[in-house]
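# Observations on chain architecture
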Amino acid sequence: MDRRWYLDVNRFAARTAWAHGVIAFFARPSALVIFAVLLLVALARARVAGFGGTDLDKIAGLVWVAVGTGLAYAVSLPVVHLVARARPFAAMPQAIVLVTRPTGFSFPNEHTVIAGAVAAGLWLSRARFVAAAATLTAIILALAVVYTGTAYPGDAAAGLLLGTLVSLGIYPFAIGALRALVHAVARSPLKLLVGGGHHKGPVGPGPAAHPELVGESGGVRILPPDGARAVRILPTDKARTVRILSPDKAGTVRILPPDKTETGSGAGTAPS
């Protein structure tokens, strides 16, 4: 069946000479530069993510894209020699080949191994826009190697599958170490390589984390950093309370229980 599909695509290629130039580009090794460019774009986006600096966890995920792709390619090499499948144009001399005839065996196609690993790694790194572009490019590349006559459809599909499985399968075991490495680099003199992280440390508790009881009434005084003023809040004046407690008017807050009132009830302010 793989042979029949190959011949069907080959005959289609013979009738569509107008598409040879564009599709042949994707079948050549130079097309892999597209994936390198997409990875660089994802790295640049991660460096400026958010308002506080680089998203270091995303940087670690993008480092995995490169590492996982290298591992996928390394895994494919012994598989290629173990299967030792001849190129389709060697088995069918009548086939049309639109690019320079590559040497070596055919299964799995090594270009699609790389394409599948890069696309899967970008999805894992949460670079969704770039991952979608890489996935589309990987599909086009897989179709191109069949269209140009250098690989069987099964070779291209197996390459995509192998690259994807290696990237997804090893990721859970490697990402923890990569995150630790990236965070360590961000704290070292080499921090320019990854940029500064978003999170400078845990955010300290606000003044409301330390309420202070006021007398025997059960009232609570919440002290702001500067102790600017006190605000009395009664249960019947919640709407005004919201306005008084807006971030730009933060101050000391005294909360009175329902059975305790003070002269001039209603939410008001008094100097601390």
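Let us look at the structure shown here. Quick caveat: nothing in here was measured; it's all calculated off a predicted structure. (Residues numbered from 1 in each chain as written. Predicted model: local features only at pLDDT ≥ 70, side-chain atom pairs only at ≥ 80, totals over all residues. Heavy atoms only, no water.)

Moving on, we come to unusual backbone geometry. Excluding glycine, residues mostly carry a negative phi; peptide bonds, for their part, are mostly trans. In this structure, the amide linkage connecting Phe107 to the following residue, Pro108, adopts the cis form with an omega of -10°. Relative to the elements of secondary structure, Pro108 occurs in the loop between helix 5 (88-91) and helix 6 (110-124). Unusually for a residue other than glycine, Arg126 sits at a positive phi of about 70°. Relative to the helices and strands, Arg126 resides in the loop between helix 6 and helix 7 (128-147). (Helix = DSSP H or I, 4+ residues; strand = E, 2+ residues; numbered from the N terminus.)

Attention shifts here to the layout of surface pockets. In this structure, the largest pocket occupies an estimated 320 Å³ of space. Listed by contribution, the elements that provide at least two residues to the lining of the largest pocket are helix 4 (56-83) and helix 6. For the lining of the largest pocket, the element with the most residues is helix 4, which contributes three residues. Class assignment for the residues of the lining of the largest pocket results in nine nonpolar, eight polar and three charged. (1 Å grid on protein atoms, 1.4 Å probe; cavity = no way out; pocket = protein on both sides within 12 Å on 5 of 7 lines; lining within 4 Å. Points joined across faces, edges and corners; volume = space filled by probe spheres on them. Nonpolar A, V, L, I, M, F, W, Y, C, P; charged D, E, K, R; others polar.)

Applying the stated criterion to the full structure yields two salt bridges. Close ionic contact of Asp8 with Arg11 constitutes a salt bridge, the shortest N to O distance being 2.6 Å. Taken as a pair, Asp8 and Arg11 lie in helix 1 (residues 2-15) at a separation of three residues, close to a single helical turn. Judged by relative accessible area, Asp8 falls into the partly exposed class, the value being 36%. Put simply, Asp155 and Arg85 hold a salt bridge, and the shortest N to O gap is 2.9 Å. (Salt bridge = Lys/Arg side-chain N within 4 Å of Asp/Glu carboxyl O. Buried < 20%, exposed > 50% of the residue type's maximum accessible area, 1.4 Å probe, protein only.)

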